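# Structure assessment
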Amino acid sequence: MNVEKLTRLAISDNGFIFDPITGHSFTTNEIGIKIINLLKENKENEDILDELAEIYSVNENELDVDLMDFIHNLKNFSLV
Amino acid sequence: MSKKEYIKPFIKKQTAGNMNKFGSFYQKNYRDEIAGAKIDAIVEKCGSPVFVIDEKAIREKYREVYRDFSSRYPKVQFSWSYKTNYLDAICAVYHQEGSIAEVVSEFEYQKARRLGVPGNKIIFNGPFKPEEALKVAFEEGAIVNLDNFDEIFKAERVAKEMGQIVDVGIRLNMDTGVYPQWSRFGFNYENRNAYDAAKRIHKSEWLNLTGLHSHIGTFMLEPKAYAAQVKVMIDFMRIVEREFDMTIESLDFGGGFPSRNKLKGTYLPPEVSVPPLSDFIAAISNTLLSELSPDEYPTVYMETGRGLIDEAGYLVTTVDAIKRLPSGLKSYIIDAGVNYLYTSTWYNYKVEVDRPIEGSYENCIVYGPLCMNIDVVLENASLPPLSRGTRLILSPMAAYNVTQWMQFIRYRPAVAMIMDNGDIEIIRRAENLEDVVGPERLPEKLKKFEL
Ligand SMILES: Cc1ncc(COP(=O)(O)O)c(C=O)c1O
């Protein structure tokens, strides 16, 4: 996965995302910001799951499905 | 160290100039109970999916409508339209409230009789009444409305065989200003078909015309259509009484009042777009009172179905899987399909979830469990991110689903009634294999095979 586009995004603490190249803006939530930041560090999905499971009280299967869904959405928005 | 509460991640694109003007306000709610019974307790007792009927809601609505009508026109008698929902428990609630039965087949007739409704408290309608069924209805004094000339002849034959003059009604159809006009049932008023029918009955030695019936359509949104219907039926009553020296004792205005369901293709929520039932009742009673003098007030029958019951029913279903479609659209698979939801063809149901859910709303599609492409329960729902196991509560559900549902691929689910004291009663248990294969017969030579 190419995460280069993610690095150009301006992301505010409250989840507002601006893409200076396309002019598109997005909203996300706290965990969304965390995932984007971990992806920017080129972390593998497994590692991201481990890190999030440390922080949040969540069933791992559910987290796994949600992470895939989130990444799928990033692809749909051409952000990765 | 305790962990943080998990809220599903989301990312949403901002689209300027495309804001949702009319928020679907009801979807932001959650509901963890129905009529005082916890959703969890209902599912634990009856399984998922499960249709849930609120007894108190049925009674309250009935009383409100009856009070409204009878305070304007006292000689009104409601008649529960069996086809709308003919589970024994449902019909019994209406009969306890004083409603008689309206049936359209020998099966429904038999079901009403079995439940304890006397024959003379049954209105027998419909375009096809087998000779044997007509005979039983006449013998038991049912109110029979004839649909066509062949049925007039059939009724005459039966009465003659019985050696008894029988009272009958005829169903009329007419232009009430609504499109499409339901012209396939009964005798048309404008082309004098109805007049000819009355004339033919007048000539008969065995039949006596005592009632006029019509049902102008369903989910009517225009109260004025009823005013037009009532006017035509009174005019026709006058013609028949004058020309044939008959006495019409009852006028039956059928059903057709809308429920608070959201018709597909409508923009405004039903709370705004559907007139209250009191508007329809006012249209009917005002016309009656202005056209009739008190000494000629006939008995008025009403056969209201969906308008009385729809909002008293819910379907509780469970999310089993979550899938993002290649188009980017989020989809859910739930455990109830369109085979239970005949009305999903016309309605966008109201959707509620059983718990508060954090996260942003997203447009999504909700599929049933059938391995069939047509199995789409909600084409365009706006839902927060749901986890597996979340229960969706769909409504209004009480009209027509639990009669027109199909056993297809899966067993039909249980139907529960939440009693007015909050107790959960199963009024129809979930089906099992024996229920489905019971009527089957396997020819002897097909009984063995080796694979
Ligand atoms: C003769 C007759 N009466 C009453 C009804 C009940 O109609 P609704 O549910 O629209 O009130 C129907 C339904 O089709 C009907 O055919």
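Placed above this text is the structure.
Scope of this entry: the structure provided in the associated data block.

Basis of the calculations
Residues numbered from 1 in each chain as written. Chains lettered and ligands numbered in written order. Predicted model: local features only at pLDDT ≥ 70, side-chain atom pairs only at ≥ 80, totals over all residues. Heavy atoms only, no water. Pairing = 2+ DSSP bridges. Helix = DSSP H or I, 4+ residues; strand = E, 2+ residues; numbered from the N terminus. Axes fitted to C-alpha atoms, helices over the stretch in contact; angles between N-to-C directions. Left-handed = near helix turned anticlockwise from the far one by under 90°. Contact = heavy atoms within 4.5 Å. Nonpolar A, V, L, I, M, F, W, Y, C, P; charged D, E, K, R; others polar. Near = heavy atom within 4 Å. Polar contact = N/O pair within 3.5 Å; in protein donor to acceptor, adjacent residues only side chain to side chain. Areas by Shrake-Rupley, 256 points an atom, 1.4 Å probe, with all protein chains shown as cover.

## Overview of the sheet that holds strand 3 (residues 25-28) of chain A
By definition, the strands of a sheet pair up through backbone hydrogen bonds, in either a parallel or an antiparallel sense. Strand order in the open sheet formed by four strands is 1(A)-2(A)-3(A)-2(B), and the pairing between neighbours is antiparallel. Edge strands, defined here as strands with exactly one partner in the open sheet, are strand 1 (10-11) of chain A together with strand 2 (11-13) of chain B. The pairing of strand 2 (residues 16-18) of chain A with strand 3 of chain A spans three bridges and is classified as antiparallel. Its bridge partner lying in strand 3 of chain A, A:Ile17 is registered against A:Phe26.

## Comments concerning the packing of helix 2 (residues 30-40) of chain A against helix 3 (residues 45-55) of chain A
All names here are of chain A. In the contact formed by helix 2 and helix 3, the axes pass within 11 Å of each other and the chain directions differ by 145°. Both helix 2 and helix 3 take part in a crossing whose hand is right-handed. Every residue of helix 3 that contacts helix 2 at Ile31, Lys34, Ile35, Leu38 and Leu39 is listed here: Ile48, Glu51, Leu52 and Ile55. Considered class by class, the residues forming the contact of helix 2 with helix 3 number seven nonpolar, no polar and two charged.

## A word on the site of the ligand
Residues and elements named next belong to chain B. Taken together, 16 residues are adjacent to the ligand, and Lys83, Thr218, Glu303, Gly305 and Tyr400 come closest. Residue Thr218 places a side-chain N or O atom 2.4 Å away from an oxygen atom belonging to the ligand. The separation between an oxygen atom of the ligand and a polar side-chain atom of Tyr400 is 2.6 Å. In the complex, the protein chains occlude 93% of the 400 Å² of accessible area that the ligand would expose alone.

All we've got here are geometric facts, nothing functional implied.
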